[in-house]
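Inside the fold
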Protein chains: 2
Amino acid sequence: MKNKKSPLKVFALGGLGEIGKNMYVVEYGEDLIVIDSGLKFPEEDMLGIDLVIPDITYLVENKDRLRAIVLTHGHEDHIGALPFVLKELDVPLYGTKLTLGLAKVKFQEHGLMNKVQIHEVTEESTLQFGPLSVSFFRVNHSIPDAVGVAVYTPEGIVVHTGDFKFDYTPVGEKADLGKMAALGEKGVLCLLSDSTNAERPGHTLSERTVGETIRDVFHKSDGRIIFATFASNVYRLQQVIEAADIYGRKIAVIGRSMENVFRIGAELGYLNIPKGMLIDVNEIDRYSADRVVIVCTGSQGEPMAALTRIATGSHRSVKIYPGDTVIIAAQPIPGNARFVGRTIDLLMRAGAEVVFGSVSGFHVSGHGSQEELKLMLNLMKPKYFIPIHGEYRMLMMHKKLAEATGVESRNIFILDNGEPIEFVDGVASKGAKLPSGMVLIDGKGVGDIGNIVLRDRRKLSEDGLIVVVVTISKDQWKIVSGPDLVTRGFVYVRESEEMLNEATRLVQQSLHRLTERNVKEWSQLKSKVIDVLEPYFYEKTQRKPMILPVIMEV
Amino acid sequence: MKNKKSPLKVFALGGLGEIGKNMYVVEYGEDLIVIDSGLKFPEEDMLGIDLVIPDITYLVENKDRLRAIVLTHGHEDHIGALPFVLKELDVPLYGTKLTLGLAKVKFQEHGLMNKVQIHEVTEESTLQFGPLSVSFFRVNHSIPDAVGVAVYTPEGIVVHTGDFKFDYTPVGEKADLGKMAALGEKGVLCLLSDSTNAERPGHTLSERTVGETIRDVFHKSDGRIIFATFASNVYRLQQVIEAADIYGRKIAVIGRSMENVFRIGAELGYLNIPKGMLIDVNEIDRYSADRVVIVCTGSQGEPMAALTRIATGSHRSVKIYPGDTVIIAAQPIPGNARFVGRTIDLLMRAGAEVVFGSVSGFHVSGHGSQEELKLMLNLMKPKYFIPIHGEYRMLMMHKKLAEATGVESRNIFILDNGEPIEFVDGVASKGAKLPSGMVLIDGKGVGDIGNIVLRDRRKLSEDGLIVVVVTISKDQWKIVSGPDLVTRGFVYVRESEEMLNEATRLVQQSLHRLTERNVKEWSQLKSKVIDVLEPYFYEKTQRKPMILPVIMEV
């Protein structure tokens with residue numbers, strides 16, 4: 001053993017203290033295994049940012065020791081960073097069939113298909129990487145083919161639950177309680193478990209209950225049905241297909257990710273679609289209203305998604321008619337509630353009946369509530385416990401649940417990303433923090449956006465800007481052109497001409513005084529412009545636009 | 001009667017299809033009465049906007065006929081626009097004691113105290129304005145002194161409920177069921193009723209239940225208690241004061257609006273504070289932890305509020321210590337959930353125990369649920385019904401509730417702001433739309449911000465900007481200085497030098513080609529800069545920064 005002090009390290013590069021960008025690492029001596037590689041959607045104050053991915057500096061620095069990325073399931077917060085990560089790391093990828101199917105769509109989009117090494121696994125697979133071996137166990141989640149991961153190390157077994165719930169009447173296959181119990185019997189050194197719903201008492205409802213609600217609406221409705229949900233919820237889509245089959249409706253699919261899932265789901269056998277059921281969206285008018293279902297994206301009110309475009313009347317082929325029933329089979333995530341509300345209001349104004357959310361029975365969570373988290377803890381009986389996949393308060397609540405099931409308080413670690421737990425002879429301790437953080441992605445750029453860029457965007461977004469341009473002659477050192485003031489996002493220019501003219505005069509006067517005194521320091525001239533305009537505009541408008549002085553010499 | 005066609009008009013200038021900026025108008029012939037004058041907080045996409053108020057063009061155009069602004073209660077969405085409205089309208093203001101007390105704070109801040117005419121009313125008052133008379137009835141809400149308004153007109157009685165719930169065990173006085181029933185017996189022509197909780201089944205809990213939960217925590221806790229709630233919820237503050245009295249704790253108040261409410265509430269007799277209970281925040285360290293309560297603002301996670309500053313460690317006198325219990329007695333409004341989550345996480349990381357929200361029993365709504373809305377409809381038995389104070393789906397749901405209680409479907413009007421209902425001889429119909437809309441307030445400016453300014457802010461916030469400055473000599477018509485590229489919010493300049501240098505060369509080349517051909521049209525030169533840079537930067541970064549060409553002549 002080369003590293004006597006810390007043969008086994010377990011840590012996260014993403015997913016702790018947050019929902020999103022899940023990435024966990026099990027490291028033993030010379031071998032590293034990564035579990036998941038997810039993205040996170042930007043927070044409200046990350047202006048213009050498209051995606052956030054984990055900082056993988058540590059993996060890049062240790063790429064010679066990196067053996068595998070193992071995937072638990074195909075959600076964006078678990079596979080979304082793969083295209084970016086695999087551009088930097090040459091490492092084989094392991095996942096179940098549907099998970100890889102969804103990952104491949106990304107690789108195609110990023111032109112990576114020829115570069116990535118993909119290995120399909122089943123829940124029966126066992127993988128061996130030096131001293132580490134990896135096996136899987138089936139869990140229930142809101143997407144098929146979700147698994148938990150057990151990593152056998154010489155120090156003991158590390159188990160990562162993946163995202164899970166216990167659905168005793170699932171639409172797909174049942175969770176493998178037996179295999180989980182067997183792991184518990186063998187002895188689990190350390191459990192990492194999903195904390196998303198740690199604050200929610202009781203037991204999450206079965207996905208099958210959503211199917212009942214769907215069939216009820218299909219039974220009652222004699223108009224068109226428009227059904228929006230998360231594209232990846234293949235179980236829910238299957239239940240819509242079954243209801244459409246019972247009530248003799250055709251299905252038209254709209255929205256890129258929804259079309260992808262229908263295609264891949266059917267190809268790989270996860271969606272069972274009766275022949276002739278799918279029609280093109282342009283064909284819907286050939287059928288009477290009670291013979292049509294439109295399945296679409298946009299259940300979160302996302303501005304560019306299909307349902308939103310239908311609601312705003314900007315979708316090229318689908319309009320809302322009175323008599324339409326719109327089902328929004330999703331719960332808005334925090335931050336999206338207002339968007340969803342706006343979409344619902346627009347749909348209702350257009351005359352649709354709209355039913356939505358978990359209160360109406362059209363959505364159940366894919367994550368286990370408190371009783372399920374305690375069941376997992378009871379099955380695994382871990383010596384050490386690291387709550388993962390959650391904001392701080394969820395991790396803390398999960399800690400309390402673990403304590404209640406008998407895990408010793410000092411054996412539970414609430415960690416930040418990059419904080420490793422090191423195991424030596426069955427005893428755990430916190431190690432030194434490893435490089436970790438977030439990488440902001442805006443367009444193509446990876447890593448060229450940071451706090452200064454975001455701070456400027458924030459300032460620009462609040463009060464706009466004023467560019468002040470002046471040309472000064474080198475020889476005579478006096479203003480030969482300008483100052484010209486150009487403004488954007490500050491005030492209506494037409495209504496503020498007087499103020500802007502006065503501002504121009506003020507800049508001219510004060511620059512004139514400086515050039516007369518032969519001040520040539522550019523920084524001084526520029527500061528002067530800001531010092532004059534900032535208080536002037538604040539007094540006039542109580543706003544603080546960004547002021548950008550540009551001084552040119554001729 | 002001067003206007004034979006529409007003696008009685010009822011309409012909203014704000015509050016329909018939205019939560020906020022409530023303003024309703026009852027107009028009869030030559031007389032106009034306004035009910036409430038509220039503000040709304042900006043939506044996520046109104047970058048840099050502080051407040052939104054109703055467009056009062058119609059009132060300004062008809063100011064000679066305007067008799068009164070009558071207030072239902074002292075919440076911001078009912079009184080917040082008063083300072084702006086009263087700068088343009090010289091009209092007497094009527095309201096109950098606490099409502100006026102809170103309004104006066106605003107008038108002082110805006111230097112309006114000498115200009116406004118304020119008349120205090122009680123629930124017993126009757127006001128006469130020409131053919132219109134106004135009376136009041138007490139309702140329960142999350143602020144004391146809340147009333148509904150009955151306007152007696154020659155066409156019949158128009159009733160506006162104000163914001164209400166039915167709290168049978170209120171902390172303050174009971175709602176005046178008798179007076180409401182009497183109005184119903186007399187015959188209500190048209191009811192306008194609060195739709196906020198129209199989607200919520202059942203009956204809203206009594207404010208008194210919050211008091212029980214508060215006393216439980218005070219009983220159990222032996223550390224400091226930090227209590228954050230809406231400043232205006234005087235009943236909840238009174239229950240904190242009572243709990244503090246029972247358990248022998250002093251209270252320190254932090255946050256400007258909280259300090260205002262404690263001062264006004266005590267002055268006007270709405271808060272009953274035992275002598276010596278209030279201490280300065282700087283004195284808290286003189287008392288042991290179990291003898292202190294800090295009452296503060298910030299229950300919505302607002303970035304600048306007291307609790308947020310305490311959580312981030314940036315409050316000058318209060319830090320969090322392990323053992324502190326923080327109570328967030330509020331439910332996050334949509335859009336604030338993430339802010340509240342962040343605040344809770346920070347407080348927990350600092351070692352506090354945090355309890356929050358309605359699930360924990362620390363918050364109940366101030367608005368009636370479906371059973372209460374139906375009770376109001378049963379009491380008032382209106383011939384016509386206009387659901388108010390809600391987004392479209394809430395108004396629609398309230399319509400269904402009204403239908404269920406027996407109001408005729410064709411007598412229920414779902415309106416937009418500015419759409420009047422006109423009553424002639426007891427028969428109602430929709431009139432022509434009146435000017436209405438929203439006025440955005442950013443700093444001092446009222447009305448100098450509009451769609452173009454906001455569109456620019458949005459564009460700037462997404463990808464930043466590039467200013468391109470070039471000086472051209474008048475005589476020789478060639479570039480004598482520049483092009484200089486200045487960028488903000490786009491990329492890190494240091495990491496993108498090569499790209500920016502190449503962009504500069506591209507602009508230079510193409511402008512050179514134009515000046516050589518003696519093209520002098522500025523718009524052509526400017527378009528060229530944009531046409532060259534936009535595709536170049538998009539190809540390199542997949543971003544579309546705003547490009548601002550500035551061309552100067554010397």
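Residues numbered from 1 in each chain as written. Chains lettered and ligands numbered in written order. Predicted model: local features only at pLDDT ≥ 70, side-chain atom pairs only at ≥ 80, totals over all residues. Heavy atoms only, no water.

1. Some points on the domain arrangement of chain A
All names here are of chain A.
- Each assigned domain of chain A is listed here: domain 1 (8–202 + 365–443), domain 2 (208–359) and domain 3 (451–553).
- Taking only C-alpha atoms, the centre of domain 1 and the centre of domain 3 are 52 Å apart.
- The interface is formed by 7 residues belonging to domain 1 together with 4 residues belonging to domain 3.
- Taken together, both faces of the contact between domain 1 and domain 3 bury some 430 Å²; the carbon and sulfur share is 59%.
- When the buried surface of domain 1 facing domain 3 is broken down by residue, D45, L47 and D442 rank first, second and third, together holding 77% of it.
- Viewed at the interface, domain 3 and domain 1 are joined by 1 salt bridge.
- One can count 2 residue pairs in polar contact (both at pLDDT 80 or more) joining domain 1 with domain 3.
- Of the residues contributing to the side of domain 1 that touches domain 3, the split by class is 4 nonpolar, 1 polar and 2 charged. (Domains from an automatic or database assignment. Contact = heavy atoms within 4.5 Å. Buried area = accessible area lost by both parts, 1.4 Å probe. Salt bridge = Lys/Arg side-chain N within 4 Å of Asp/Glu carboxyl O. Polar contact = N/O pair within 3.5 Å; in protein donor to acceptor, adjacent residues only side chain to side chain. Nonpolar A, V, L, I, M, F, W, Y, C, P; charged D, E, K, R; others polar.)

2. Quick look at the UniProt feature "domain: Metallo-beta-lactamase" (unreviewed entry) in chain A
- Per the UniProt annotation, the sites labelled "domain: Metallo-beta-lactamase" (unreviewed entry) are residues 20–214 of chain A.
- Measuring from the first to the last C-alpha atom of residues 20–214 of chain A gives 29 Å, for a span that is 24% helix and 29% strand. (UniProt positions renumbered as here; feature names shortened; annotations may be inferred. Helix = DSSP H or I, 4+ residues; strand = E, 2+ residues; numbered from the N terminus.)

3. Topic: the packing of aromatic side chains
All names here are of chain A.
- Evaluation of the coordinates by the stated rule reveals 14 aromatic pairs over all chains.
- Aromatic pair Y94 and F129: ring centres 5.4 Å apart, planes at 75°, arrangement edge-to-face. One end of the pair, Y94, is in strand β6 (residues 93–95); the other, F129, is in strand β8 (residues 126–129), and 35 residues separate them in sequence.
- Members of the aromatic cluster, joined through ring pairs, are Y384, F413 and F423.
- Just above the ring of F218 sits the side chain of R249; from NZ or CZ to the centre is 5.6 Å. (Phe/Tyr/Trp six-rings, centres within 6.5 Å; stacked < 30°, edge-to-face > 60°. Lys NZ or Arg CZ within 6 Å of the ring centre and 35° of its normal.)

4. Topic: the side chain of A:S232
All names here are of chain A.
- With respect to the helices and strands, S232 occurs in the loop between β13 (225–229) and α7 (234–246).
- A relative accessible area of 17% places S232 in the buried class.
- Filtering out sequence-adjacent residues up to four positions away, S232 remains in contact with H75, S142, I143 and V261. (Buried < 20%, exposed > 50% of the residue type's maximum accessible area, 1.4 Å probe, protein only.)

5. A word on the nonpolar core
- Counting 64 residues, the largest nonpolar core has A:L59, A:I69, A:L82, A:I251, A:V293 and A:V295 as the members making the most contacts within it.
- The residues contacting A:I251, other than those within four sequence positions of it, are A:V240, A:I241, A:A244, A:M277, A:L278, A:I279, A:V293 and A:V295. (Core = buried A, V, L, I, M, F, W, Y, C linked by side-chain atoms within 4.5 Å.)

6. Quick word on the interface of chain A and chain B
- Contact with chain A, which involves 71 residues of that partner, is made by 70 residues of chain B.
- Summed over the shared surface of chain A and chain B, the number is 10 salt bridges.
- Scanning the region where chain A abuts chain B turns up 20 residue pairs in polar contact (both at pLDDT 80 or more).
- Sorting the residues of the side of chain A that touches chain B by element identifies α10 (337–349), β18 (353–356), α12 (392–405), α13 (451–463), β24 (465–472), β25 (479–488), α15 (522–541) and β26 (546–553) of chain A as the ones contributing at least two each.
- Ranked by residue count, the leading element in the side of chain A that touches chain B is α13(A), at 9 residues.
- Taken together, the residues that form the side of chain A that touches chain B break down as 27 nonpolar, 17 polar and 27 charged.

7. Here we look at the relation of the copies chain A and chain B
- Laying chain A over chain B is done by rotating through 180° and shifting 0.0 Å along the axis; what remains is an RMSD of 0.1 Å. The transformation relating the two chain copies, once decomposed into turn and shift, fits a two-fold axis.
- In this assembly the copies share their binding face: 99% of the residues contributing to the interface of chain A also contribute to that of chain B. (Least-squares fit on C-alpha atoms with pLDDT ≥ 70 in both.)

8. Topic: the pattern of salt bridges
- Within this structure, the stated rule accounts for 56 salt bridges over all chains.
- Where A:D324 meets A:R224, a salt bridge forms, and the shortest distance between an N and an O atom there is 2.7 Å. Pair noted here: A:D324 is in the loop between α9 (306–312) and β17 (325–329) and A:R224 is in the loop between α6 (207–220) and β13, with a separation of 100 residues, a long-range link.
- By relative accessible area, A:D324 is classed as buried at 3%.
- What makes A:R224 buried here is its relative accessible area of 7%.
- Put simply, B:R457 and B:D442 hold a salt bridge, and the shortest N to O gap is 2.7 Å.

9. A short note on the packing of helix α7 (residues 234–246) of chain B against helix α8 (residues 256–267) of chain B
All names here are of chain B.
- It is the contact of α7 with α8, at a shortest axis distance of 11 Å, that shows an interaxial angle of 80°. Taken together, the axes of α7 and α8 are roughly perpendicular relative to one another. Counting all contacts with α7, which are made through V234, L237 and I241, the residues of α8 involved are M258, V261 and F262.
- Per-class residue counts for the contact of α7 with α8 are 6 nonpolar, no polar and no charged. (Axes fitted to C-alpha atoms, helices over the stretch in contact; angles between N-to-C directions. Parallel < 35°, antiparallel > 145°, perpendicular 65-115°, else oblique.)

10. So, the UniProt feature "binding site: Ca(2+)" (unreviewed entry) in chain A
- As recorded in UniProt, the feature "binding site: Ca(2+)" (unreviewed entry) lies at A:G48, A:D50 and A:D442. In terms of the greatest pairwise C-alpha distance, the residues named above, spread along 395 residues, form a tight cluster of at most 6.7 Å across.
- Turning to its location among the elements, A:G48 is positioned in the loop between β3 (31–35) and β4 (51–54).
- A relative accessible area of 21% places A:G48 in the partly exposed class.
- The residues touching A:G48, leaving out its near neighbours within four places in the chain, are A:D442, A:R457, B:S461, B:E462 and B:D463.
- Other than its neighbours up to four places away in sequence, A:D50 contacts A:P42, A:I441, A:D442 and A:G443.

11. Some details on helix α12 (residues 392–405) of chain B
- For α12(B), spanning 14 residues, the distance from its first C-alpha to its last is 20 Å, which sits close to the expected 20 Å at 1.5 Å a residue.
- Those residues of α12(B) that sit buried are B:Y392, B:R393, B:M394, B:L395, B:H398, B:K399, B:L401 and B:A402.
- Residues of α12(B) that are buried sit in contact with α10 and β18 of chain A together with β12 (188–194), α11 (370–380) and β19 (384–388) of chain B.
- One or two positions beyond α12(B), positive phi appears at B:G406, with a value near 110°. (Expected span 1.5 Å × (residues − 1).)

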